[in-house]
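Architecture and fold: a report
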Amino acid sequence: MGKIVAGLGTSHVPAIGVAHDQGLTEEPYWKPLFDGYGPAREWLKKIDPDVVILVYNDHGTVFSLQSIPTFAIGVAEQYKPADEGWGPRPVPVVEGDANLSWHLAESLILDEFDMTIMNEMDVDHGLTVPLSITCGHVDKWPFKVIPLAVNVVLYPPPTGNRCYNLGRAIRKAVEAYDEDTRVVIMGTGGMSHQLHGERAGLINREWDNRFLDDLSKDPERLRKIPHLEYVRETGAEGIEMVMWLVMRGALDDNVKEVYRHYHVPASNTGAGLIVLENDA
Ligand code: DHB
Ligand code: FE
């Protein structure tokens, strides 16, 4: 049987990937951020999952304004780091788990979540930066990864509640899988940031930390947050946080927060990280 053993939420700021790749993590600007990643890396090493379901968004890399699915799932054996304009990041190719991917795709679609099936997909910073944050420099990623992309780029994105319910359906699918597979689910993006216009640079520490609090204390409140509140309170790109609710929905009703890190600024973003375990 498959089992979702834990969840992790993290920001996926591209500049974090650049700082990591260029060895800038001891610089005064980056050190306080990267120092906070150590305990999460140790935790993940101990948990040692077989597979990570990584919920992220593509940033105009594979999808474009011509065509963008609300939810897409990778079913490939491998995913190449994408060239986002400066060449691909110097990180390992991402190994998939096609068998579990197809099982998930079937279960989710029969559960009435209309997933787009991606036989081929390069993965951008939305996916590779969380891997670097949680694994550091490695020759090979220590687990298989199933990319699950959510549209948060072109209006209208799915609601937080829809994302939470997708998480529920993912858990049901994983538990019906016939191989012993230990799964960690990651939700990425956010926290508060706005990259353009008059409010560029907006960061709302208080709102971000209430969101982190309520992942364990009151997820029912988070399910009901409307798009307008994310955008008003946390900036246009703060909407990426709906992806953390896919992760939260895949966990038990009661979860234990085992680690949190929040740092401002990371580029234009309030950078958050949280580790949640089922509170059996
Ligand atoms: C930044 C953050 C993001 O999530 C992103 O996709 C691009 C840029 C930033 O803060 O610079
Ligand atoms: Fe992003």
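A brief report on the enclosed structure follows. A quick note: this is a predicted structure, and the numbers were derived from the prediction, not measured.

The next subject is the packing of helix α4 (residues 98-110) against helix α6 (residues 160-175). With their axes 9 Å apart at the nearest point, α4 and α6 run at an angle of 125° to one another. One way to sum up the angle between α4 and α6 is to call them oblique. Judged by the twist between their axes, the crossing of α4 over α6 is right-handed. Mapping the contact onto sequence places H103, L104, S107 and L108 in α4 and L166, A169, I170, A173 and V174 in α6. Within the contact of α4 with α6, the residues separate by chemical class into 7 nonpolar, 2 polar and no charged.

Turning to the nonpolar core, a few remarks are in order. Core analysis: the largest hydrophobic core is formed by 49 residues, its most contacted members being L104, L166, I170, I185, F211, L215 and Y230. Top contributing element to this core by residue count: α6, with 7 residues. Grouped together as the second largest cluster of nonpolar side chains are 41 residues, A6, W30, F34 and I133 included.

Another point: helix α1 (residues 14-21). Buried within α1 are the following residues: I16, G17, A19 and H20. End-on view of α1: buried residues confined to an arc of 165°, all on one side of the axis. In this fold, the buried residues of α1 make contact with α2 (31-35), α3 (38-47), α5 (125-135) and β9 (255-266). Phi turns positive one or two residues past the end of α1, at G23, with a value near 70°.

What follows is about the site of ligand 1. Taken together, the residues surrounding ligand 1 are H12, V13, P14, H59, H125, H193, L195, E240, A266, S267, N268 and T269. Between H125 and ligand 1, the recorded distance is 2.8 Å, taken from a side-chain N or O atom to an oxygen atom. S267 places a polar side-chain atom, nitrogen or oxygen, 2.6 Å from an oxygen atom of ligand 1. Relative to its free-state accessible area of 290 Å², ligand 1 is covered by the protein chains to the extent of 90%. Counted by class, the shell around ligand 1 contains 4 nonpolar, 7 polar and 1 charged residues.

It is worth spelling out the coordination of the iron ion (ligand 2) at this point. Coordination of the iron ion (ligand 2) by the protein is provided by H12 (NE2), H59 (NE2) and E240 (OE), with metal-donor distances spanning 2.1 to 2.2 Å. A residue is classified by how much of its surface remains accessible, and H59, at 27% relative accessible area, is partly exposed.

A grouping of D48, D50, D178, E179 and D180 is seen on the molecular surface, where their side chains present a negatively charged patch. Note that D180 resides in the loop between α6 and β8 (181-188). Look at D180 and you get exposed, because its relative accessible area is 70%.

A few words on the pattern of salt bridges. Between side chains of opposite charge, pairing is possible as soon as their charged atoms come close. Evaluated as defined, the whole model comprises 13 salt bridges. The partner of D35 in a salt bridge is K31, and the shortest N-O contact between them spans 3.0 Å. Separated by 4 residues within a single helix, D35 and K31 lie in helix α2, roughly one turn from each other. The class of K31 is partly exposed, set by a relative accessible area of 30%. In this structure, R221 engages D214 in a salt bridge whose closest nitrogen and oxygen atoms are separated by 2.6 Å. Look at D214 and you get buried, because its relative accessible area is 11%.

Reading guide: rules and limits
- Residues numbered from 1 in each chain as written.
- Chains lettered and ligands numbered in written order.
- Predicted model: local features only at pLDDT ≥ 70, side-chain atom pairs only at ≥ 80, totals over all residues.
- Heavy atoms only, no water.
- Axes fitted to C-alpha atoms, helices over the stretch in contact; angles between N-to-C directions.
- Helix = DSSP H or I, 4+ residues; strand = E, 2+ residues; numbered from the N terminus.
- Parallel < 35°, antiparallel > 145°, perpendicular 65-115°, else oblique.
- Left-handed = near helix turned anticlockwise from the far one by under 90°.
- Contact = heavy atoms within 4.5 Å.
- Nonpolar A, V, L, I, M, F, W, Y, C, P; charged D, E, K, R; others polar.
- Core = buried A, V, L, I, M, F, W, Y, C linked by side-chain atoms within 4.5 Å.
- Buried < 20%, exposed > 50% of the residue type's maximum accessible area, 1.4 Å probe, protein only.
- Arc of directions from axis to C-beta.
- Near = heavy atom within 4 Å.
- Polar contact = N/O pair within 3.5 Å; in protein donor to acceptor, adjacent residues only side chain to side chain.
- Areas by Shrake-Rupley, 256 points an atom, 1.4 Å probe, with all protein chains shown as cover.
- Donors = N, O, S within 2.8 Å, 3.2 Å for Na, K, Ca; no water.
- Patch = residues over 30% accessible without salt bridge, like charges linked within 9 Å, V, L, I, M, F, W, Y side chains within 5 Å.
- Salt bridge = Lys/Arg side-chain N within 4 Å of Asp/Glu carboxyl O.
- Lys, Arg positive; Asp, Glu negative; His and termini not counted.
- Charge placed at Lys NZ, Arg CZ, Asp CG, Glu CD.

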